[in-house]
Amino acid sequence: TLDIMLDKGVNITTLFSPEHGFRGTADAGEHVKSGVDGPTGIPIASLYDGRGSRMPAKEVMERFDVIVTDIQDVGLRYYTYYCTMIDLMNAAAAYGKEFVVLDRPNPNGMTVDGPVLDMKYESGVGRLPIPVVHGMTLGELARMAVGEGWLKDGARPALTVVPCEGYTHQTRYRLPVAPSPNLRTMLAIYLYPSTCYFEATPVSLGRGTDMPFECYGHPDMKGRDFEFTPRSVAGAKNPPQLGNLCHGVDLRNISEEEAIAQGINLEYLIDAYRDLGMGDAFFRSFFEKLIGRGDIRRMIEDGR
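Keep in mind the model is a prediction, meaning the values are calculated, not measured.

**Some thoughts on the pattern of salt bridges**
Part 1: Throughout the structure, instances matching the rule amount to 14 salt bridges.
Part 2: In this structure, the salt-bridge partner of Glu257 is Arg172, at a minimum N-O distance of 2.6 Å. Of this pair, Glu257 sits in helix H6 (residues 256–262) while Arg172 sits in the loop between strand E8 (159–162) and helix H5 (186–195); the two residues are 85 residues apart in sequence, bridging distant segments of the chain.
Part 3: The exposure class assigned to Glu257 is partly exposed, which follows from its relative accessible area of 47%.
Part 4: Relative accessible area serves as the criterion here: at 40%, Arg172 is assigned to the partly exposed category.
Part 5: Put simply, Lys222 and Asp275 hold a salt bridge, and the shortest N to O gap is 3.2 Å. Here Asp275 lies in helix H7 (residues 267–276) and Lys222 lies in the loop between strand E9 (215–218) and strand E10 (226–228), a separation of 53 residues in the sequence.
Part 6: We classify Asp275 as buried; its relative accessible area is 12%.
Part 7: Bridged by salt links that share partners, the residues Lys222, Arg224, Asp271 and Asp275 form one connected network.

Encoded structure:
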């Protein structure tokens, strides 16, 4: 998109980079410094630099008239690209800038499932009161955020959404490029609503292997015939259980249609929780931010 805009003579003054960096190569959660894009020489303003501020600096916002968002989302409330879009919409409203979304299909757009975010758990992995699997494109989310008054102080920036031709919520869109380093297959994208919760536990979900989000395991899980050892690789430099032999479950034998039909399936999480016998120490506080509610941890601990 950047190359096309430059080729057409659009004056691009700034590149904003979300989680994973502008070229999409950084680890999950890795802080990425601002700098310059090597291929084009255009300044990059990082929105994931660890400063804690969701508002770009004033001198950055004064460089341009219009913000254009074009990024491949995967339709999960904890996938951070829409959070960055909402932050930029708030910035556009504060500085009187126009905001344009070049929409793309949601590969999980055929499904709506999971709890709506309790906004007391609002965080960098949850910005709007929507279900975990929300079914919407970024353009639809942008319009909803404005229409529902969800932006800061009910702001209404000048918003234009350029829709996808021929897309419906029954469209099965297969991603031509991985949207982030560890979502490499369509099966991983369809299992992501069910396996991401391991991020808030000591259990590995396969980061540092060739099957992230398509398996789970831990060194102390018992009676398992599947094993893997996470290693340091591009996109997962320091994965959970690095270098430890994990025993667990291979989910790659699940068909894509079965994974889609499951929606959010907490059986995997409950399986590991019961096996390890750690009680509440199994969960980190990050779990509530991912699942979006405060009562589900207790339900699992109560055997429900």
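There's plenty left to go through after this.
**A few points about the sheet that holds strand E5 (residues 98–102)**
Part 1: With parallel pairing, 3 strands are arranged side by side in an open sheet as E4-E5-E8. Two strands in the sheet have a free side with no partner beyond their single neighbour: strand E4 (66–69) and E8. Put simply, the sheet's adjacent strands are angled 15 degrees from each other on average, direction ignored.
Part 2: Sheet topology note: the E5/E8 ladder contains 4 bridges and is parallel.

**Considering H5**
Part 1: Of all the 10 residues making up H5, 10 are buried; the element is thus mostly covered by neighbouring parts of the structure.
Part 2: Residues of H5 that are buried include every one of Met186, Leu187, Ala188, Ile189, Tyr190, Leu191, Tyr192, Pro193, Ser194 and Thr195, and no others.
Part 3: Close packing links the buried residues of H5 with strand E7 (131–133), H6 and H7.

Calculation notes
Residues numbered from 1 in each chain as written. Predicted model: local features only at pLDDT ≥ 70, side-chain atom pairs only at ≥ 80, totals over all residues. Heavy atoms only, no water. Salt bridge = Lys/Arg side-chain N within 4 Å of Asp/Glu carboxyl O. Helix = DSSP H or I, 4+ residues; strand = E, 2+ residues; numbered from the N terminus. Buried < 20%, exposed > 50% of the residue type's maximum accessible area, 1.4 Å probe, protein only. Pairing = 2+ DSSP bridges. Axes fitted to C-alpha atoms, helices over the stretch in contact; angles between N-to-C directions. Contact = heavy atoms within 4.5 Å.

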